[in-house]
Amino acid sequence: MSAPKPDLPEDQMKIPRELPVLPLRDIVVYPFIIVPLSVSREKSIKAVDRALSDSRMILLVSQKDSKVEDPEEEDLFTIGTVGVIMRMLKLPDGRIRVLVQGVCRARLDEFSQHEPFLQAKVTRVVEPPVESSMEQEALTRNVKKSLERSASLGKAISSEVMVIASNLEDPGRLADLVASNLDLKIEDAQVVLKLTDPLARLKRVNELLNKEIELLNMQQEINTHAREEIDKSQREYFLRQQMKAIQNELGEGNDLAEEVETFRDKARKAKMPKKVFEEVERQINKLERMHPDSAETATVRNYLDWMVNLPWSIQTKDNLDLKKAQEILDEDHYGLETIKERIVEYLAVRKLKKKMRGPILCFVGPPGVGKTSLGRSIARALGRKFVRISLGGIRDEAEIRGHRRTYVGSMPGRIVQGISQAASNNPVFMLDEVDKIGADYRGDPSSALLEVLDPEQNYSFRDHYLNVPFDLSNVMFVATANLLDPIQPAFRDRMEVISLSGYTEEEKIEISKRHLIPKQVEENGLTPAQISFAEKAIQTIIQKYTREAGLRNLEREIAKTCRKLARRVAEGQMGPYSITPAMAEDLLGVPRVTPEMALVNNQVGVATGLAWTAAGGEILFVEATTMPGKGRLILTGHLGTVMKESAQAALSYARSKAADFGISINAFGEMDVHVHVPEGAIPKDGPSAGITMATSIISVLTNRPVRRTVAMTGEITLRGNVLPIGGVKEKVLAARRASIDTVILPEANRKNLEEVPKLFRKGLRFVFVSDVTEVFEVALLDPVARSRGPRMGTEKSIAAI
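Residues numbered from 1 in each chain as written. Predicted model: local features only at pLDDT ≥ 70, side-chain atom pairs only at ≥ 80, totals over all residues. Heavy atoms only, no water.

Turning our eyes to something else, we now look at the overall build of the chain. Broken down by element type, the chain carries 26 helices and 26 strands. Scaling as 2.2 N^0.38, a compact globule of 801 residues should have a C-alpha radius of gyration of about 28 Å, whereas the chain reaches 49 Å, well beyond that. Projected onto its principal axes, the C-alpha positions of the chain cover 155 × 70 × 70 Å. Counted over contacts in the chain with a minimum sequence separation of 6, partners at least 24 positions apart contribute 75%. Entry remark: accessible area of the chain is about 39900 Å², with carbon and sulfur atoms responsible for 50%. Distance between charge centres in the chain, computed from 113 positive and 112 negative side chains, equals 5 Å. (Helix = DSSP H or I, 4+ residues; strand = E, 2+ residues; numbered from the N terminus. Rg over C-alpha atoms; globule rule 2.2 N^0.38 Å. Contact = heavy atoms within 4.5 Å. Areas by Shrake-Rupley, 256 points an atom, 1.4 Å probe, with all protein chains shown as cover. Lys, Arg positive; Asp, Glu negative; His and termini not counted. Charge placed at Lys NZ, Arg CZ, Asp CG, Glu CD.)

On to the packing of helix 11 (residues 337-352) against helix 12 (residues 371-382), then. The N-to-C vectors of helix 11 and helix 12 enclose an angle of 30°; their axes lie 11 Å apart at closest approach. Here helix 11 lies roughly parallel to helix 12, going by the angle between them. When you trace helix 11 past helix 12, the crossing you get is right-handed. Taken together, the residues of helix 12 that come into contact with helix 11 (itself represented by Ile339, Ile343, Tyr346 and Leu347) are Leu374, Ile378 and Leu382. (Axes fitted to C-alpha atoms, helices over the stretch in contact; angles between N-to-C directions. Parallel < 35°, antiparallel > 145°, perpendicular 65-115°, else oblique. Left-handed = near helix turned anticlockwise from the far one by under 90°.)

Attention shifts here to the environment of Val126. One can find Val126 in the loop between strand 6 (119-124) and helix 2 (134-152). A relative accessible area of 65% means that Val126 is categorised as exposed. Between the alpha carbons of Val126 and Cys104 there is a distance of 8.3 Å; along the sequence they are 22 residues apart. (Buried < 20%, exposed > 50% of the residue type's maximum accessible area, 1.4 Å probe, protein only.)

Another aspect to go through is the packing of aromatic side chains. What the rule picks out here adds up to 5 aromatic pairs. Here the aromatic rings of Trp312 and Phe470 are separated by 5.0 Å at their centres, their planes lie at 55°, and the arrangement is tilted. Placement of the pair is Trp312 in the loop between helix 9 (295-309) and helix 10 (322-332) and Phe470 in strand 11 (residues 469-470), with a sequence separation of 158 residues. Considering the side-chain rings of Phe661 and Phe776, the 5.5 Å spacing of their centres and the 75° angle between planes classify their relative orientation as edge-to-face. Of the two residues, Phe661 sits in the loop between helix 21 (641-656) and helix 22 (667-670) while Phe776 sits in helix 26 (residues 772-779), which places them 115 residues apart along the sequence. (Phe/Tyr/Trp six-rings, centres within 6.5 Å; stacked < 30°, edge-to-face > 60°.)

One open sheet holds the 5 strands; their spatial order is 8-9-12-7-13, and the pairing between them is parallel. This sheet does not close on itself; its edge strands, each paired only once, are strand 8 (386-390) and strand 13 (496-499). Geometrically, the sheet is characterised by an average inter-axis angle of 20° between neighbouring strands, direction not taken into account. Pairing geometry for strand 8 and strand 9 (residues 428-432), over 5 bridges, is parallel. Paired with Ser390 across the strands is Asp432, a residue of strand 9. Contacts from helix 14 (residues 414-422) reach strand 8 and strand 9, with the element oriented near 150° to strand 8. (Pairing = 2+ DSSP bridges.)

Quick look at the side chain of Asn482 now. With respect to the helices and strands, the residue Asn482 is situated in the loop between strand 12 (476-481) and helix 16 (489-493). Contacts of Asn482, omitting those with residues within four sequence positions, involve Val364, Gly365, Pro366, Pro367, Lys371, Glu433, Asp435 and Lys436.

Bringing helix 5 (residues 186-194) into the picture now. Counting along an α-helix, one turn takes 3.6 residues, and residues three or four places apart therefore face a common direction. Turning to helix 5, its buried residues number three or more, namely Ile186, Ala189, Gln190, Val192 and Leu193. The arc that holds the buried residues of helix 5, viewed along the axis, is 155°, so those residues lie on one side. (Arc of directions from axis to C-beta.)

Let's shift gears to the side chain of Asn425. Counting through the fold element by element, Asn425 comes out in the loop between helix 14 and strand 9. Using a relative accessible area of 6% as the deciding quantity, one classes Asn425 as buried. Here Gln315 takes part through its side chain, which lies 3.4 Å from a polar atom of the side chain of Asn425. Among residues more than four places away in sequence, those in contact with Asn425 are Pro311, Trp312, Ser313, Ile314, Gln315, Phe470, Asn474 and Val475. (Polar contact = N/O pair within 3.5 Å; in protein donor to acceptor, adjacent residues only side chain to side chain.)

Right, let's get into the environment of Gly370. Looking at where Gly370 falls in the secondary structure, it is placed in the loop between strand 7 (360-364) and helix 12. Relative accessible area serves as the criterion here: at 18%, Gly370 is assigned to the buried category. Note: C-alpha distance between Gly370 and Ala566 (196 residues apart in sequence) is 27 Å.

As a further point, take the pattern of salt bridges. Counting across every chain of the model gives 38 salt bridges. For the salt bridge of Asp176 with Arg105, the shortest nitrogen-to-oxygen distance reads 2.7 Å. Placement of Asp176 in helix 4 (residues 171-180) and of Arg105 in strand 5 (residues 96-113) is noted, with a sequence separation of 71 residues between them. Here the two residues Asp176 and Arg105 agree in accessibility, since each one is buried. Linking Arg201 and Glu127 is a salt bridge whose minimum nitrogen-to-oxygen distance equals 2.8 Å. Placement of the pair is Arg201 in helix 6 (residues 198-250) and Glu127 in the loop between strand 6 and helix 2, with a sequence separation of 74 residues. For Arg201, a relative accessible area of 0% gives the class buried. Each of the salt bridges in this network shares a partner with another, and the network as a whole consists of Arg105, Glu127, Asp176 and Arg201. (Salt bridge = Lys/Arg side-chain N within 4 Å of Asp/Glu carboxyl O.)

We now examine helix 18 (residues 535-545). For helix 18, the set of buried residues is Ala537, Ile538, Thr540, Ile541, Ile542 and Tyr545. Where helix 18 is buried, its residues touch helix 17 (505-523), strand 14 (531-533), helix 19 (552-570), strand 15 (577-579) and helix 20 (581-588).

On any regular strand, side chains alternate: one points to one face of the sheet, the next to the other face. Strand 3 (residues 57-62) sits mainly inside the fold: 6 of its 6 residues count as buried. Because side chains alternate across strand 3, one face comprises the buried residues Met57, Leu59 and Val61, and the other comprises Ile58, Leu60 and Ser62, equally buried. Note: strand 1 (residues 18-24) against strand 3, 4 bridges, orientation parallel. From the neighbouring strand, Leu24 faces strand 3, where its bridge partner is Ser62.

Within strand 26 (residues 765-769), 4 of the 5 residues are buried, which leaves it mostly tucked inside the rest of the structure. Relative to strand 26, strand 25 (residues 742-746) runs parallel, the two being bridged by 5 bridges. Note on strand 26: the bridge partner recorded for Thr742 is Arg765.

This part covers the nonpolar core. When a protein is soluble and globular, its nonpolar side chains tend to lie buried together. One finds Ile415 and Leu431 to be the most contacted residues of the largest nonpolar core, which totals 52 residues. Of the residues forming this core, the biggest block, 5 residues, is contributed by helix 9. Among residues more than four places away in sequence, those in contact with Ile415 are Ile389, Ile400, Phe429, Leu431, Leu449, Val452, Phe461 and Leu472. Counting 50 residues, the second-largest nonpolar core is a separate cluster that includes Leu329, Leu500, Ile541 and Ile542. (Core = buried A, V, L, I, M, F, W, Y, C linked by side-chain atoms within 4.5 Å.)

Two quantities define a packed helix pair, namely the angle between the helix axes and the distance between the axes. Running from N to C, helix 10 and helix 11 cross one another at 155°; their axes reach a closest spacing of 10 Å. Classified by the angle between their axes, helix 10 and helix 11 sit roughly antiparallel to one another. Seen along the crossing, helix 10 lies across helix 11 with a hand that is right-handed. In this structure, helix 10 contributes Leu322, Ala325, Gln326, Leu329 and Asp330 to the contact, and helix 11 contributes Lys340, Ile343, Val344, Leu347 and Ala348. Residues that form the contact of helix 10 with helix 11 fall into these classes: 7 nonpolar, 1 polar and 2 charged. (Nonpolar A, V, L, I, M, F, W, Y, C, P; charged D, E, K, R; others polar.)

As structure tokens, then:
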């Protein structure tokens, strides 16, 4: 806005009763103020043309809402300014620019015309006279000083306006001049225009001017602060450039400086916790001051490389589709329902509660049952990265926590290395073979793992190398072990243990069909059309060529079969081949395992027991015989301490109950009792053969045969009580394979029978006992003459009871 022309005689100008109306957007024009306006609306252009053809006067009225394109009476304020069009310029695009000067305030009474332009009846607003007073003079001076103050703070006010303002004494005109040079909102500007009392108008403008000064002061402070920051950054930039120049002169190059900038950039993008970022920044500043070729520079560089590349804030999104997760688990593994159910439960809770700590599971089971592959399957089901570290044979605690940076060649521990490898802070982290961790003078890795696997501590795991806390609470840890006993109690207490028993024969057949055979057929260059396995052939391979709880040897035998057929195909015998039991034996050679079966005849002194081994359940024969002697107990068959004590307890029970069984008390002093468990090369131990030994001893002492189709397991006490044992499922399956029809179990193990699928219980009779006399009632027959039974097979590879 330009300065007013003080020589324009307002009172002498006659204002017509009707004037064309020019609606204004986002601007208010005051009397005596010259303003350039851009006119583009068709009605407004016609209104300007009409004004130019008449008195050159036009009513300038502001719109209440600038977005209204075709304003009506209700869209305009009622007070406006009558202006004189001083100059008009037509632009090539059809718009016009006009220069107008305000003459006086006017009230818009009513519209007299709407088309082709707006025209209204107006009434001039006359200002009341102002008497000179101390208040008026003080207010005038204050406004003038405030205007100068705002100009000094950076307000864009022309020097011409400042000169005119300093010479104005009329409070009304001064108020209009100042208001026209303030960046007022349309509502505030309209309030000033509406005030007809010059003194009241000047007071209002003074308030608005003081508010503007406050805003200018704040803006200046912000600009000053920003300028200081810019100056600081520029100073650092110039100093760094000088440093680079000095390094170039010294022949040191810019490699280190570029590395420092790279580290800074990566640290900002890594979104580290505040304290971690401060430590990284401190190390970067330290690196910046070092000589590029010093040994410590390499140490700091390696440290920063680890820090900026760790996934401090990077996570993979969990797959919360329970059905899809279940499908993936079922696709990868057959059976193992307990573990699958636990993983789906975790996903269900994770779906309901977004922030939760990862579970810490421990899979315990014999080799080859799929513990490691289960970890990969879990990661796939969850949609997470998978990391595996083998802890077998580790003896140094620094393998877990890392080495301190003071050592040459130091680096983070395996936990941090695994997280870095996963590039995600919520992977499925498998700790393989935790039962084989060692310990020596360098520390105990199991103890170091206590912090890793404790949800109350692992949110701030501190690796010795990093020396800053790292959050492991989002990681899902899965440990695996073959045996639970070697694991440290405190370590074991931190994990949720899930036992994996060996696969049954039926499960092995199904797994072979679904996974092993297709895999080996593909790996050996064959196609499903060229080779197929009959179910009986798979059963033959399982029974005669493998004896294991897992599947590794079974897969090797299937691979061997496929290789032999691949050779035939390569020689031109294209097949197709259907593997039968006879063909399997022909390809694999002489059977390496003889299945243990029940005795052919009932025998005196030979009882059938049930044993648990790492390869699953087995039947076990216990033989007893007597000979002239001095009352000794002879034990053979590579028995462990616990098993020897069970035999001693069984003999003591027989001696204490001799009268009940019709045995002469003097007979024990005149003969020796020899107890033998065949296959003496195989170590055997455990208490569960107690009732089997007692049955064998009582049988030989009373000359009562033992039923050949009865198998038993249970621990015996000196009073004849039968105590519970473990491995019920494996032992029942072993009895079924050996054609046993009656199984004797401790009463306390009745509940464990539910673990055995109904299909495998079919055809078996279960007898639950709490006293050994109940065993004798079922297992022993009436006394007969002594006879020798057939020789039993001894080509068996059991491990322990």
